[in-house]
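Read off the chains here:
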Amino acid sequence: MVTIPRPASGHDSTTAAVDNVVDVRNLHVEFHTSLGTVRAVNGVSLGVPRGKTLGVVGESGCGKSVTAFAIMQLVATPGVIAQGEIILRARGKDPVNLLTYGKASDDMRAVRGRHIGMIFQEPMTALNPCYTIGNQIAEAILLHRTSDPAQADAMALDILSRVGLPSPSRLMTTFPHQLSGGMRQRAMIALALSCEPDLLLADEPTTALDVTTQAQILDVMRELQQHIGMSIMFVTHNLGVVAQMCDEVAVMYLGRIVEQASVDELFDSPKHPYTRALMRSIPQLGSGRKGRLEVIQGSIPGQFSKLAGCQFHPRCPDAIAGVCDVKSPSLLPIGDGAHVSCFLHHDPSGSPRSPEAVVAHAQSMTGAGGATVTSPN
Amino acid sequence: MATVEAVAASQASASTRIAEDVSQWTLMRWRFARNRLSLFGLVVLVLLYVVAAIAPFLAPYPYNAIDTEYIHTPPTPVRFLNGQLSICPLTQFMRDFQWEYTEDCDRAVPIEFMVKGHPYTIFGVPFETHLFGVTQLPPPRTTPVKKTEAKANDPLAAFMGSSGESTTADATQPPRVFLLGSDIQGRDMLSRILEGSRISLTIGLVGVALSVVLGAILGTASGYLGGLFDDLVQRFIEIIQSMPTLPLWAAIAAALPPTMPVPQRYFLITIILSFVSWTGLARQVRGKVMGYSSLDYIAAARLAGCSHLRIILTHMLPNASSHIIVVSTLAVPSAILGETALSFLGLGMLPPAVSWGVLLRDAQQIQSVLLHPWLLIPALPIIITVTCYQFLGDGLRDAADPYSG
Amino acid sequence: MITFLIRRLLFMVVTVVFISMISFVLIELPPGSALDAKLQQFRSRGLNVTSDVVKSLEERYGINDPIYTKYWKWISRAVYGDFGQSFYLDQPVSSLIGSRIWFSIGMSTAALLFAWLVAIPVGVYSATHRNSLPDYLITVMQFLGVAIPEFLLAIVLMFIASWYFGVEVGVLYSKAYRDAPWGVGKLLDLLSHLWLPVVVIGTHSTAWLTRVMRANLLDVMGAQYVQTARSKGLGERVVVWKHAVRNALHPLVMALGATLPALISGEVIVSIVLNLPTTGPLYVQALINKDMYLAITFLLFLSILLVVGNLLADLALAWLDPRVRLE
């Protein structure tokens, strides 16, 4: 499935941390509803390396989109950012913690669109039906780059011609409903990139499109990434797209990052049991009809349930009784540049285990009677 | 966003779990019960209809009992005297061409409950008991009637020939209790409002019921048959809807002869009210039916050899019924307001029939309202009723279709 | 766009023709005619009306013609602006209606503007401050505004206006200007007398439109493109007023079709209560007196007012929403 050559991997996330465009640290987002509080994002830490693409993957509802919206401080009510840090290192600017800016402050608004752009899942509804494409793009440019309307129009035309739309000058006066879904998503990309941001947040930008269009959109994004030199945080649940697009991948489960690694590392040797299960659930061309797809056993616990220990332990085939269901693992580096949040890979004190130790441990646990694996649900 | 989706998903899964056990109606009832405002509206409306049903029991006097000794009496103050709820006898006199009243609380008489009064029937059963009333005669006067100072010096009073005394002074009848005042003929406003509730609360309901029948039949036929019939009905609806409602109602109502007996007039007014409101309903039902006709289960029914009538009656109308109920609930307030407006203009119900609109006709003269503000009281039950119907309709709509605005 | 306009205009003409027929039948069909009322008038004055006189009068006014003949006689003259004669008032209908219909148009339009000018900002405030105390108050006011009959509101406001502010009610001009020639002073004086009825007529629609506006805006504020606008870095005020409100106006304009009949109904009844020289009082009087040509013409003109209003609403919608425009 993965055929498109990827840029050479092997950057070390420990050193990359210094050159991250955005560092999210211990982010908590809560939704206070009448039924109770939902902790949608529960201590997420991740970094987007400069000029690179970070994929954020996970099942729907795991908090990956909320994380993206939280970076923009645009979490929809009743959601609130309860704690955490979001450090932005924009070009030519000092690093700043965005959460020190108020949600509606001028400082935050100067960041939105200018330093961080965003594109959404539904190109059909992401553009305002009442205004022309040109008007909507020029609006952002007028806000951040120039106050001359003619110049803004010229800039809008320029960016439109870069996203591969036919006759961009005509598009300036076109309304969104006159375009197809793929064209709208291109227009949306043009809008998000019109101010040449340092970071593009792409929230499942290709999910609603057919496969051919999807590939074209990904191409456009990659081209513009090189042209502008920006970073991308690519939120998706499609591992194929991740393999195609991303340099780094962060895997999310129930509001937490369970593993972050380079894309090769992740696909070649996934560490976290959840990542491994995800990998096994990808259909393989040529595996024939006999092979059954593996399903992750159990189901995601309810929104309001509070689970002690690792959030994945009820569904985890390798869960260690007395450890995984008691203590919550933290996201810690393991030897080869990856970060994993799992007691199989580091003991509760935080020091990494060797792979042999992991295996031995697992064997010793199963040798002890098999009752250690917590039964799903 | 994902979380919001997930919340919705978890709610959806919860409701699918529920849906395995209970019907759509039970679900609707549960959702409705969660909406406090609509529940409140429903409770108040039920109370109002109960009150209308037992109106003569609650009314202390016959609604058309004229008493010239009590013209435009202000609401009688209820006092707590001698350990009982009591009222004071009034003395009527004329000042500045207006009737005025003085109280004599030395001769207070108690208000009694469950008293025997004028006979009446409820659903054909004769009764004589009333919730409250005043039956005792006041004690004889101990002091002569005092003329107030102003009156003593008022040459007008003498000119008017009113000595300030009236026949109520040593009446052979118990004093009257007018909790909401009395009108220009000394009729008890409370009794009249209670009596008026019978017409005002039902006329809109019956009118909407008629329009539901008409709208459902024509709407279903129009949506199901389509073609020329559909076109004709739709054009007709468009034309009716492009005429202003109240002037149209007024034009039809003006054709009714003023001498018509009350029940006949009542029935004709309901028809007039439904003449306009069926159009909206027919459109809604047509839309629903057209939506259903393309669904698989209708095709299945047709393949199974069901007749058209059977498909409509057993497959379409039951599905549209929750929608019809909601739309008609929301149509009742405008029908009630329509009757009120027509009666107020003198084109709807006419005296001797009593409805809230008829009662408000007395408040048409601003001068009269300035002097006797209690004449506006019949407006209160109108506002309460219409508001409660709105609460109820809103709640029903949300319950029937939680995803619509 | 041109074909759209032509189609709508043609449809409008057909509608008006049908309305004229329905009005005619509704008012003409029931027994009793203005002639009876007129004869009653004569008799009450002590004039001896013989059956010969009655017969000749009946012939003259075509009382016994079949209804289609009467309609044809009336409509063929009506096209040239001759709407017949008012039996009761002994004047041509056209001269009676002329100035009054303009007052009605003016009042309804002013009430509509009032309703929009109040409903949009209040609805926007209510939606953007959802579940706050002012939002609850606005919601309660909305329900009351719909529930209070217009004539009642007219009485109460008139009461307040004359009691507390000493405003003359039921007249259009102060004494000083009553016979004065037209000028700025007279116009201002007229406006000072008209604001009250306009508010009364508009209240019902204001309440209703506020509700529509609030619900729509809440819907629209959840739309993706609102987040897009925010993600550009636009301020909340621009997001709401430029991106959200414009989209929320769409159903509000569509609601015009329902607002206009309410406004015209309200105008009729409020004018009766406040005794304003608009169509309302004369219309009801004509109905009661069976002054049929007057009544029919009023009903027809009120309907035309509505039909034209709906056409304008359609045009406004096309202007507002590019998706409608290009269909």
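Calculation criteria
- Residues numbered from 1 in each chain as written.
- Chains lettered and ligands numbered in written order.
- Predicted model: local features only at pLDDT ≥ 70, side-chain atom pairs only at ≥ 80, totals over all residues.
- Heavy atoms only, no water.
- Helix = DSSP H or I, 4+ residues; strand = E, 2+ residues; numbered from the N terminus.
- Buried < 20%, exposed > 50% of the residue type's maximum accessible area, 1.4 Å probe, protein only.
- Contact = heavy atoms within 4.5 Å.
- Areas by Shrake-Rupley, 256 points an atom, 1.4 Å probe, with all protein chains shown as cover.
- Buried area = accessible area lost by both parts, 1.4 Å probe.
- Salt bridge = Lys/Arg side-chain N within 4 Å of Asp/Glu carboxyl O.
- Expected span 1.5 Å × (residues − 1).
- Patch = residues over 30% accessible without salt bridge, like charges linked within 9 Å, V, L, I, M, F, W, Y side chains within 5 Å.
- Pairing = 2+ DSSP bridges.
- Axes fitted to C-alpha atoms, helices over the stretch in contact; angles between N-to-C directions.
- Disulfide = S-S within 2.5 Å.
- Bend = angle between axes of the 7 residues up to and from the residue.
- Polar contact = N/O pair within 3.5 Å; in protein donor to acceptor, adjacent residues only side chain to side chain.
- Phe/Tyr/Trp six-rings, centres within 6.5 Å; stacked < 30°, edge-to-face > 60°.
- Right-handed = clockwise from strand over helix to strand, strands pointing away.
- Core = buried A, V, L, I, M, F, W, Y, C linked by side-chain atoms within 4.5 Å.
- Domains from an automatic or database assignment.
- Lys, Arg positive; Asp, Glu negative; His and termini not counted.
- pLDDT = per-residue confidence, 0-100.

## Quick word on the overall build of chain B
1) Next: A tally of regular secondary structure across chain B gives 15 helices and 7 strands.
2) Next: Counting only residues that meet the buried cut, chain B has 49% of its 405 residues in that class.
3) Next: Sequence-distant contacts in chain B: of pairs separated by 6 or more residues, those separated by 24 or more amount to 69%.
4) Next: For chain B, the accessible surface area stands at approximately 19,100 Å², while carbon and sulfur atoms represent 65% of it.

## Focus on the interface of chain C and chain B
1) Next: With 41 residues of chain C at the contact, the number on the chain B side is 37 residues.
2) Next: Summing both partners gives a buried area of about 3,500 Å² for chain C against chain B, and 80% of it is carried by carbon and sulfur.
3) Next: Contact with chain B buries surface across chain C, with F143, F151 and I155 of chain C losing the most and accounting together for 16% of the total.
4) Next: Where chain C meets chain B, there are 1 salt bridge.

## Some points on the environment of I312 of chain B
1) Next: Structurally, I312 of chain B can be placed in helix α12 (residues 308-345).
2) Next: Not counting chain neighbours up to four residues away, the residues in contact with I312 of chain B comprise T220, Y224, L317 and P318 of chain B.

## Focus: helix α1 (residues 2-28) of chain C
Structural remark: α-helix, 3.6 residues per turn; residues separated by three or four positions point the same way.
1) Next: The end-to-end C-alpha distance of α1 of chain C is 39 Å, a good match for the 39 Å that 27 residues give at a rise of 1.5 Å each.
2) Next: For α1 of chain C, the complete set of buried residues consists of R8, M12, T15, I19, S20, S23, F24, L26, I27 and E28 of chain C.
3) Next: Where α1 of chain C is buried, its residues contact α8 (227-241) and α9 (245-253) of chain B together with α4 (67-78), α12 (279-288) and α13 (292-320) of chain C.

## Considerations on a nonpolar patch on the surface
1) Next: A cluster of nonpolar residues, V78, F80, L85, F113, M114, L131 and L179 of chain B, forms a patch on the protein surface that exposes about 650 Å² of accessible area.
2) Next: Note on placement: L131 of chain B falls in strand β7 (residues 125-133).

## Regarding the sheet that holds strand β7 (residues 199-203) of chain A
Residues and elements named next belong to chain A.
1) Next: Sheet architecture is open: 8 strands sit in the order β6-β7-β8-β3-β9-β10-β12-β11, paired in mixed fashion. If you trace the sheet from one side to the other, it starts and ends with β6 (116-119) and β11 (332-333), each paired once.
2) Next: With 2 bridges joining them, strand β10 (residues 256-262) and strand β12 (residues 339-340) adopt antiparallel strand pairing. Within the sheet, the bridge partner assigned to E259 lies in β12 and is V340.
3) Next: The strands that helix α2 (residues 64-71) touches are β3 (53-57), β6, β7, β8 (231-236) and β9 (248-253); relative to β8, the one it contacts most, it runs at about 145°.

## Quick notes on the state of the cysteines
Residues and elements named next belong to chain A.
1) Next: Enumeration according to the criterion identifies 0 disulfides over all chains in this entry.
2) Next: With no disulfide of its own, C316 lies 6.2 Å from the sulfur of C342, the closest cysteine sulfur.
3) Next: On the basis of relative accessibility, which here comes to 8%, the residue C316 falls in the buried class.

## Considerations on helix α5 (residues 93-128) of chain C
1) Next: Helix length check: α5 of chain C, at 36 residues, gives a terminal C-alpha distance of 51 Å against a target of 52 Å (1.5 Å per residue), a fit within 8%.
2) Next: Where α5 of chain C bends most, at S99 of chain C, the angle is about 25°.

## Structural notes on unusual backbone geometry
1) Next: Note the cis peptide between P351 of chain B and P352 of chain B, where omega equals 10°.
2) Next: Mapping P352 of chain B onto the fold places it in the loop between α12 and α13 (356-360).
3) Next: Residues other than glycine seldom take positive phi values, yet S167 of chain A does so here, at roughly 35°.
4) Next: Owing to a relative accessible area of 36%, S167 of chain A belongs among the partly exposed residues under this scheme.
5) Next: In the Ramachandran plot, E196 of chain A falls in the positive-phi region, its phi being about 50° despite a non-glycine side chain.
6) Next: Along the polypeptide, E196 of chain A turns up in the loop between α8 (181-193) and β7.

## Details of the side chain of Q390 of chain B
1) Next: Checked against the element boundaries, Q390 of chain B lands in helix α15 (residues 379-400).
2) Next: Residue class for Q390 of chain B comes out buried when judged on its relative accessible area of 4%.
3) Next: Engagement of the side chain of Q390 of chain B in a polar contact is seen with the side chain of R211 of chain C, the distance being 2.9 Å.
4) Next: In this structure Q390 of chain B touches L330 and P333 of chain B together with F143, V146, A147 and R211 of chain C, once residues within four positions along its chain are discounted.

## Some points on the environment of S20 of chain C
All names here are of chain C.
1) Next: Within the secondary structure, S20 sits in helix α1.
2) Next: Classification of S20 by relative accessible area gives buried; the value is 2%.
3) Next: Through-space distance from the C-alpha of S20 to that of Q227 is 51 Å; in sequence the pair is 207 residues apart.
4) Next: With residues up to four places along the chain from it excluded, the contact list for S20 reads Y71, W74, I75 and L300.
5) Next: At a separation of 2.5 Å, a polar atom in the side chain of S20 contacts the main-chain carbonyl oxygen of V17.

## A look at the sheet that holds strand β1 (residues 20-33) of chain A
Residue and element names in this part refer to chain A.
1) Next: A sheet is described by the order of its strands in space; here 4 strands give the open sequence β2-β1-β4-β5, paired in antiparallel fashion. Each edge of the open sheet carries a strand with a single partner, namely β2 (36-49) and β5 (96-97).
2) Next: Its contacts with the sheet place α2 against β1, β2 and β4 (79-88), and it is angled at close to 110° to β1.

## Some thoughts on the packing of aromatic side chains
1) Next: Applying the stated rule across the entire model yields 12 aromatic pairs over all chains.
2) Next: With a centroid separation of 6.3 Å and an interplanar angle of 25°, the aromatic rings of F236 of chain B and W278 of chain B are classed as stacked. Note that F236 of chain B is positioned in helix α8 and W278 of chain B in helix α10 (residues 262-293), a separation of 42 residues in sequence.
3) Next: Between Y283 of chain C and F298 of chain C, the ring centres sit 6.2 Å apart and the planes meet at 80°, which makes this aromatic pair edge-to-face. Placement of Y283 of chain C in helix α12 and of F298 of chain C in helix α13 is noted, with a sequence separation of 15 residues between them.

## Details of the pairing of β7 of chain A
Residues and elements named next belong to chain A.
1) Next: Along β7, 5 of the 5 residues are buried, which leaves the element largely enclosed by surrounding structure.
2) Next: Side chains of β7 alternate between two faces, with L199, L201 and D203 and L200 and A202 buried alike.
3) Next: Here 4 bridges tie β6 to β7, and the two strands are oriented parallel to one another. Opposite I116, over in β7, you have L199 as the bridge partner.
4) Next: Chirality of the crossover, the property in question, places the unit of β7, helix α9 (residues 211-228) and β8 among those that are right-handed.

## Details of the nonpolar core
1) Next: Grouped together as the largest cluster of nonpolar side chains are 167 residues, with contacts concentrated most on L360 of chain B together with W74, W116, M213, L217 and Y283 of chain C.
2) Next: In this structure, this core is formed jointly by two domains, domain 1 (2-78) and domain 2 (103-288) of chain C, each of which donates at least three residues.
3) Next: The residues touching W74 of chain C, leaving out its near neighbours within four places in the chain, are S20, F24, D82, F83, Y293, I296, T297 and L300 of chain C.
4) Next: Counting residues in each nonpolar core, the second largest holds 108 residues, with V66, I116, M245 and I296 of chain A among its members.

## What to know about the side chain of E339 of chain B
Residue and element names in this part refer to chain B.
1) Next: Relative to the elements of secondary structure, E339 occurs in helix α12.
2) Next: Although buried, E339 forms no salt bridge, and the nearest oppositely charged side chain, R265, lies 8.9 Å from it.
3) Next: Here S343 takes part through its side chain, which lies 2.7 Å from a polar atom of the side chain of E339.
4) Next: A distance of 2.8 Å separates a polar atom in the side chain of E339 from a polar atom in the side chain of S355.

## Points about the pairing of strand β2 (residues 84-87) of chain B
Residues and elements named next belong to chain B.
1) Next: Pairing analysis gives 3 bridges linking strand β1 (residues 79-81) to β2, with the strands arranged antiparallel. Residue pairing for β2: L81 is matched across the bridge by Q84.
2) Next: Where β1 folds back on β2, the antiparallel hairpin that results is connected by 2 residues, among which N82 adopts a positive phi of roughly 50°.
3) Next: Two strands pair when backbone bridges link them, and β2 and strand β5 (residues 109-110) are joined in this way by 2 bridges, in the antiparallel orientation.

## Structural notes on the pattern of salt bridges
Residue and element names in this part refer to chain A.
1) Next: This structure, assessed with the given rule, holds 23 salt bridges over all chains.
2) Next: D198 is paired through a salt bridge with R91; the nearest N and O atoms lie 2.9 Å apart. Placement of the pair is D198 in the loop between α8 and β7 and R91 in the loop between β4 and β5, with a sequence separation of 107 residues.
3) Next: Here K271 ties to E265 by a salt bridge, and the two come within 3.0 Å at their closest N and O atoms. In this pair, the class of K271 matches that of E265, namely buried.

## Focus on the confidence of the model for chain C
Residues and elements named next belong to chain C.
1) Next: In this model, chain C carries a mean pLDDT of 80, and residues with pLDDT of at least 70 account for 89%.
2) Next: Of all helices and strands in chain C, the one with the weakest mean pLDDT is helix α14 (residues 322-325) (68), whereas helix α9 (residues 224-231) scores best (89).
3) Next: Both confidence scores are given for the complex: pTM 0.77, ipTM 0.80.

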